[in-house]
Each structure stands twice: as C-alpha cells, then as structure tokens.
Amino acid sequence: IKQKKRHMGDTKHFCPVSLKEHFLLHPGLQEHAAKYKENIYYFSTSEYRDEFLKNPEEYVAHNEPIQAPPLRVCLIGPHGAGKTTCARQIADKLGIFHVQFEEYLQELILPKTRKKVGPQFDEEHEEDDNKIPVLSEDLEDFSQTKIETEKSKQEEVLTDEEEAIKANLMDSTELPPEVLDNIVLDWWKKEPFRSTGFILDGFPRTVDEARYLSERGLCPDVAVYIQVEDSDILDRLFPPRLKKWKDKRQKKKEYKKKLKDLKAKMRV
C-alpha cells in the first residue's frame, strides 16, 4: 500500500513554540505531534503542543521564512590550549559575542574582592603582600600607610551566590544550578546575545555542567574541543611565567636596597 508523503511544518523536526518563545532549536517528539493545514508539527512538550493549537498562526511562517536562531558555540579544552585566542578570532570573523566564562565569573565578584581570586593569582597576591613599601620622605608614615593598605584590601561581605562563585574559582567547587541559572540563561534568552549569538569560551568544564545545559535545553549549535599536547602547553605558558618570576625577584631586591639606603639616611 502506497502511503502519503508526510509533510512537515515550517520548523521541520524542531519545536515551533520553543523557537518562537525562547529562540531555541529544541527537537520535537513524535508523541507530542499535531497536524495543522496538512502539515505535521512536533513539539518538545505536550504543553507546547497545546499552546500551539490555541493559536497556530502565531507560530507558522507567513510572508517570510521563520528566522533561525544565531550561532551559539561552546569552545572547550585544557588550560593553556589557546581557547581564548581562537575564540576572539572566531567571534570577530562571525560577528558574534565572545564570552570568557572564568573571566566573567571574576568580574561578578571583583567589585567586592577587589582582586582576582584563584590558584593562578594567589602567588601574585602573596608577593604583593610581602612587598616592602619605601617612602621617599621618612619612615614615620610607614605604619599609617600599612594600616590604610590593609583596610583597602579587606573584602566586603559576599552574598551566598558570590561565595559560590569564589569557591569555584579558588578550588573548582561545582556551581549550583540556581547560580548557573543567573549566569548562563542570559546568553541564550536575553538581548543582545539572544539575537546576535556568541562563542562561550571555557564552558562547560565538567560533566555536571554539560548535563546542566542539556537539562535546561541550552544546546549549542557547535561544541569544539581543542586538543593540545602537554609539551605545547608547557612551551606556551612556562616562558612568560618564568619572566614574571624573575621580574618580581628583581623588584624585591630593589625594595630591600632602597629600604637599606633609607635606614642609613635616617641614622645620619
């Protein structure tokens, strides 16, 4: 028996309600299908199917084809693989936003922490704390200056969400879904990201974060993993870190020499 060819709706196997309401290409399911004007539409949930049937004309194409969502890319890989460099070039070429995930987290708490947090910054802060400030006038203001410096370094009280972000940056503690909701959802659902698109650099980083995207229906169009040999990462990261270490040692020697000279001057 020859069967009639099944005609699919404007959004093919994607849910038209999810596309219209959230600008997301969410695959529909056969069990949530509906027929309208001889075309078959598939929906991600039965609620979306019922919503479609209330007013089908709101979700179908009229004079122009239905606009597809912009490109959304997740770029992942090990630290030092060159993700940020590649992401910037891709974003510039495609005209989409570049979002560096961990840098974005730093910006969220920086107004209160007043410095970047994490293992890669701890050494720098420790060096800064050990610096010996040398005043050009006399040593009487030294204690006062130190007190003011310590006050300026004191952090403001962090909210529970900010504490979770800080813990994630410090020791990779998992971010709760409710915290991710306040960060990640905006890139898919709010302007200007919603209509422009983006490349998300460094997220997801764990299986749980990938599962979070799946559960929220936030599926990227492309996920790119940069695989790099450990030796290449070492060649890229080690020379600048070594230079920074040498510069700090030289500055520390200069501080000690200036303090020694100042003390000698005060004894005269």
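Everything quoted here is computed from the prediction, not taken from an experiment.

1. Concerning the overall build of the chain
Scanning the chain from N- to C-terminus turns up 11 helices and 6 strands. Relative to its 268 residues, the chain shows a buried fraction of 29%. Once local pairs closer than 6 in sequence are excluded, the contacts in the chain between residues at least 24 apart make up 70%. In the structure as shown, the chain presents an accessible area of about 18,000 Å², 51% of it carried by carbon and sulfur atoms.

2. Here's the deal with a negative patch on the surface
A contiguous patch of negative charge on the surface is contributed by E229, D230, D232 and D235. Along the chain, the position of E229 falls in the loop between β6 (222–225) and α11 (230–267).

3. Considerations on the packing of aromatic side chains
On inspection of all chains with the given rule, the structure shows 9 aromatic pairs. Measuring from ring centre to ring centre gives 4.8 Å for F97 and F193, while their planes differ by 55 degrees; the resulting arrangement is tilted. Of this pair, F97 sits in strand β4 (residues 97–100) while F193 sits in helix α9 (residues 193–196), and the two are 96 residues apart along the sequence. A centroid spacing of 5.3 Å and a plane angle of 70 degrees characterise the contact between Y104 and W187, whose relative ring orientation is edge-to-face. Of this pair, Y104 sits in helix α4 (residues 101–113) while W187 is found in helix α8 (residues 177–189), placing the two residues 83 residues apart along the sequence.

4. Looking at the pattern of salt bridges
Enumeration over the complete set of coordinates arrives at 14 salt bridges. Salt-bridge contacts for E57 lead to K37; the nearest nitrogen and oxygen are separated by 3.2 Å. Linking E57 in the loop between α2 (46–54) and β3 (72–76) with K37 in the loop between β1 (29–36) and β2 (39–43), this pair joins segments that are 20 residues apart in sequence. Taking the shortest distance from any N to any O, the salt bridge between D261 and K257 comes out at 3.3 Å. Placement of the pair is D261 and K257 together in helix α11, with a separation of 4 residues, close to one helical turn. For D261, a relative accessible area of 43% gives the class partly exposed.

5. Points about a nonpolar patch on the surface
On the surface, a nonpolar cluster with roughly 340 Å² of combined accessible area is contributed by L71, I90, L94, V222 and V224. Counting only elements with at least two residues in the nonpolar patch, the list comes to α3 (83–94) and β6.

6. Section: the sheet that holds β4
Ordered in space as β4-β5-β3-β6, the 4 strands form an open sheet in which the pairing is parallel. Every other strand in the sheet has two partners, leaving β4 and β6 as the edge strands with one partner each. Across this sheet, the average inter-strand angle for adjacent strands is 15 degrees, counted without regard to direction.

Reading guide: rules and limits
- As a convention, each chain's residues are numbered from 1 in the sequence order in which they are written.
- Predicted model: local features are reported for residues with pLDDT of at least 70 only, side-chain atom pairs are reported and counted for 80 or more only, and whole-chain, interface and lining totals are derived from all residues.
- Only hydrogens and water are set aside; all other atoms, that is, all heavy atoms of the structure, feed into the side-chain values.
- Segments assigned H or I by DSSP are reported as helices when at least four residues long, segments assigned E as strands when at least two residues long, and all are numbered from the N terminus.
- Only protein chains enter the area calculation, which uses a 1.4 Å probe; residues under 20% of their type maximum are buried, those over 50% are exposed, and those in between are partly exposed.
- Every residue pair with non-hydrogen atoms within 4.5 Å of one another is taken to be in contact.
- Here the accessible surface of atoms and residues is derived via Shrake-Rupley with a 1.4 Å probe, and residues count as covered only by protein chains that are part of the display.
- The patch calculation keeps residues exceeding 30% relative accessible area without a salt bridge and links them within 9 Å when they carry like charges or within 5 Å when they are nonpolar (Val, Leu, Ile, Met, Phe, Trp, Tyr).
- Counted as salt bridges are all cases of a side-chain nitrogen of Lys or Arg within 4 Å of a carboxyl oxygen of Asp or Glu.
- A positive count includes Lys and Arg, and a negative count includes Asp and Glu. His and the chain ends are not counted in either.
- Just so you know, the charge point we use is NZ for Lys, CZ for Arg, CG for Asp and CD for Glu.
- For Phe, Tyr and Trp, where Trp contributes only its six-membered ring, two rings pair if their centres lie within 6.5 Å, and the inter-plane angle classes them as stacked under 30 degrees, edge-to-face over 60, or tilted in between.
- Two strands pair under a simple rule: DSSP has to find at least two bridges between them.
- Axis definition: a line fit to C-alpha positions, over the contact stretch in the case of helices; interaxial angles, taken between N-to-C directions, run 0 to 180 degrees.

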